[in-house]
Amino acid sequence: MLATLDGDQIVLPGLASAHSHAFQRALRGHCQRTSASQESFWSWRGTMYALASKLDPESLYDLARFAYAEMAMSGVTAVGEFHYVHHQASGQPYDNRTELSEVMIRAAQDVGIRICLQRVLYQRAGLGKALEPGQERFVDARLEDALADVETLHSRYANTPGVTIGLALHSVRALSLDWIREASDFAKKKQLPLHMHLSEQRRELRECEQEHGTTPVALMRDNDVLDERFVAVHATHLSEAEVRALGDARSFVCVCRTTERDLGDGQCDSRALHQAGARLCTGIDSHAICDPFEEARAIELDQRTADEGRTRVADATELLAAASAHGYASLAMEDSCAADEIRLDAGDPALVGATASHLDDAVIYGASPRAIESVRVGGVRLVEAGKHRDYQAIRERYEQAFIALLNRAQIR
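Residues numbered from 1 in each chain as written. Predicted model: local features only at pLDDT ≥ 70, side-chain atom pairs only at ≥ 80, totals over all residues. Heavy atoms only, no water.

## Quick word on the packing of helix α2 (residues 57–74) against helix α3 (residues 99–111)
Phase 1 of the analysis: Taken N-terminus to C-terminus, the directions of α2 and α3 make an angle of 35 degrees; their axes are 8 Å apart at the nearest point. The two elements α2 and α3 meet at a crossing, and its hand is right-handed. Within the contact between the two elements, α2 uses Pro57, Leu60, Tyr61, Ala64, Arg65, Tyr68, Ala69 and Ala72 and α3 uses Glu99, Leu100, Val103, Met104, Arg106, Ala107, Ala108, Asp110 and Val111.
Phase 2 of the analysis: Counted by class, the contact of α2 with α3 contains 13 nonpolar, no polar and 4 charged residues. (Axes fitted to C-alpha atoms, helices over the stretch in contact; angles between N-to-C directions. Helix = DSSP H or I, 4+ residues; strand = E, 2+ residues; numbered from the N terminus. Left-handed = near helix turned anticlockwise from the far one by under 90°. Contact = heavy atoms within 4.5 Å. Nonpolar A, V, L, I, M, F, W, Y, C, P; charged D, E, K, R; others polar.)

## Some points on the environment of Ile394
Phase 1 of the analysis: Relative to the helices and strands, Ile394 resides in helix α15 (residues 391–409).
Phase 2 of the analysis: Exposure remark for Ile394: the relative accessible area of 2% places this residue in the buried category.
Phase 3 of the analysis: Remark: the alpha-carbon pair of Ile394 and Leu63, spanning 331 residues in sequence, is separated by 9.2 Å.
Phase 4 of the analysis: Ile394 has contacts with Arg65, Phe66, Ala69, Val111 and His388, leaving out every residue within four places of it along the chain. (Buried < 20%, exposed > 50% of the residue type's maximum accessible area, 1.4 Å probe, protein only.)

## Section: the side chain of His195
Phase 1 of the analysis: As for its placement among the helices and strands, His195 is situated in strand β7 (residues 194–198).
Phase 2 of the analysis: In contact with His195, other than residues within four places in its own chain, are Ala18, Phe82, Gln118, Leu167, Ala168, Leu169, Val231, Ser330 and Leu331.

## Some remarks on the nonpolar core
Phase 1 of the analysis: Counting residues in hydrophobic clusters, the biggest one holds 127 residues, and the most contacted among them are Phe23, Tyr68 and Leu344.
Phase 2 of the analysis: Ranked by residues supplied to this core, first place goes to α2 with 11 residues.
Phase 3 of the analysis: If we ignore the near neighbours within four places in the chain, the residues touching Leu344 are Asp8, Gln9, Ile10, Leu12, Phe293, Leu351, Val363, Ala367, Ala371, Ile372 and Glu373.
Phase 4 of the analysis: Counting 15 residues, the second largest nonpolar core, distinct from the first, contains Cys116, Val231, Ala329 and Leu331. (Core = buried A, V, L, I, M, F, W, Y, C linked by side-chain atoms within 4.5 Å.)

## Side note on the state of the cysteines
Phase 1 of the analysis: Counted by the stated rule, this structure contains 0 disulfides.
Phase 2 of the analysis: Cysteine Cys254 shares no disulfide, and the gap to the nearest cysteine sulfur, in Cys256, comes to 3.9 Å.
Phase 3 of the analysis: A residue is classified by how much of its surface remains accessible, and Cys256, at 0% relative accessible area, is buried. (Disulfide = S-S within 2.5 Å.)

## Structural notes on the sheet that holds strand β14 (residues 387–388)
Phase 1 of the analysis: Spatial ordering of the open sheet is given by β1-β2-β11-β12-β13-β14, a layout of 6 strands whose pairing is antiparallel. Of all the strands in the sheet, just β1 (4–6) and β14 have a single pairing partner and so form its edges.
Phase 2 of the analysis: In terms of strand pairing, strand β12 (residues 372–377) meets strand β13 (residues 380–384) through 4 bridges, oriented antiparallel. When the sheet's bridge partners are listed, Val377 is paired in β13 with Val380. (Pairing = 2+ DSSP bridges.)

## Observations regarding the packing of aromatic side chains
Phase 1 of the analysis: Applying the stated criterion to the full structure yields 7 aromatic pairs.
Phase 2 of the analysis: Residues Phe66 and Tyr398 carry aromatic rings whose centres are separated by 4.1 Å and whose planes lie at 15 degrees to one another, so their mutual orientation is stacked. Of the two residues, Phe66 sits in helix α2 while Tyr398 sits in helix α15, which places them 332 residues apart along the sequence. In terms of burial, Phe66 and Tyr398 fall into one category: buried.
Phase 3 of the analysis: Among the aromatic residues, those joined into a ring-pair cluster are Phe23, Tyr49, Tyr84, Tyr122 and Phe138.
Phase 4 of the analysis: We note Arg106 situated over the ring of Tyr61; from NZ or CZ to the ring centre the distance is 4.2 Å.
Phase 5 of the analysis: Over the ring of Phe252 we find Arg279, and its NZ or CZ is 3.8 Å from the ring centre. (Phe/Tyr/Trp six-rings, centres within 6.5 Å; stacked < 30°, edge-to-face > 60°. Lys NZ or Arg CZ within 6 Å of the ring centre and 35° of its normal.)

## Some remarks on unusual backbone geometry
Phase 1 of the analysis: With a phi close to 55 degrees, Ser199 is a non-glycine residue in the positive phi region.
Phase 2 of the analysis: Accessibility expressed as a relative area gives 0% for Ser199, which makes it buried.
Phase 3 of the analysis: Unusually for a residue other than glycine, Ala332 sits at a positive phi of about 60 degrees.
Phase 4 of the analysis: Topologically, Ala332 is positioned in the loop between α13 (325–330) and β11 (341–345).

## Thoughts on the pattern of salt bridges
Phase 1 of the analysis: Considering all chains together, one arrives at 34 salt bridges under this definition.
Phase 2 of the analysis: Taking the shortest distance from any N to any O, the salt bridge between Asp6 and Arg343 comes out at 2.9 Å. With a gap of 337 residues between them, Asp6 in strand β1 and Arg343 in strand β11 connect regions that are remote in the sequence.
Phase 3 of the analysis: Owing to a relative accessible area of 40%, Asp6 belongs among the partly exposed residues under this scheme.
Phase 4 of the analysis: We note a salt bridge from Lys129 to Glu207, for which the minimum N-O separation is 2.8 Å. One end of the pair, Lys129, is in the loop between β5 (114–121) and α4 (143–156); the other, Glu207, is in helix α6 (residues 202–212), with 78 residues separating them in the sequence. (Salt bridge = Lys/Arg side-chain N within 4 Å of Asp/Glu carboxyl O.)

## Structural notes on the packing of α4 against helix α5 (residues 177–190)
Phase 1 of the analysis: Interhelical geometry of α4 versus α5 gives an angle of 20 degrees and a closest axis separation of 11 Å. With respect to α5, the axis of α4 lies roughly parallel. Classified by chirality, the crossing of α5 by α4 is right-handed. Along the contact surface, α4 presents Leu143, Leu147, Val150 and Glu151, while α5 presents Trp179, Glu182, Phe186 and Lys190.
Phase 2 of the analysis: A breakdown of the residues in the contact of α4 with α5 according to their chemical character gives 5 nonpolar, no polar and 3 charged. (Parallel < 35°, antiparallel > 145°, perpendicular 65-115°, else oblique.)

This is the structure:
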């Protein structure tokens, strides 16, 4: 049992969102209405690129700070930021090459949550494909420049409480095999978390097969990329052999069900992954919804829907561990989870009737951010009576920033 009862409150360890794209919070509610005959992940991506192309350091900070404040009020105390907006809109690096990475870290620090800044490597649009509008600012011309940025960040924040640095491989389509191999070796040498979008869309599988003659997870397995610090994000479409490979390596799989539903990605076989030994964690991802309780329960409930049975993946304590301890571990924050605390109102309508012997079940299958009473990170109280201490000011800045951005990006 991870949840405990303290008077009229239910106490939980900190919750982690192991995968986040904070700037995408501005798209919530603006990408749902069908505007074309065939909406898909790829058409959504075009809208996201339009937004990304208009970001500057100030607006990125305002968007990220609001997204992180909403996370804190939802019970998230640690975030893995999968950060790939690196350069100016033209593709020219900023004078300080790590400026936008540092913007994201500062936003998390100002809100008060922990952050693992995952500096993303992005080389190309795909094999033989020209960059699409908006992608220019994601791409590095040379691998050594990107890895030098990781070195800079790792050195700069080595002794900063609440901050870890990770390396991220955007996807098989965005990187050549040479870059993947060298980056994997770098991460192992530095003992950094290595996160990667993997097998999210069926088109990704087809393109990987055309270029490499195999599937994405198999490619990672065959090139010695998988290990206990590797985090496969989504892993939606896997063969049985690929499931075993992730399990044998004790890799993490970050399941982001609200985003995967929203984008029509499909569904990973979380039951098979869990049974194989892969460690499940969860992510808010695109911020289509910000509810870590829903991310955790959906691992089980969506599998029940697919299998037409009950208790398919894990019990409530294991699901709560996926949202807490496993998420922290995937961000190289193993020692911090117990230092963070969330308190829920046991009198919230969704939790009334919870008993000490079934608290984890009550939380996983009933709780929502509405029940949040207080949130502490490292002993510092960020949220009281459900609101972040600086919420009003953060909200005002966000509203100004995102309205201006949507207008510039012509997103209606």
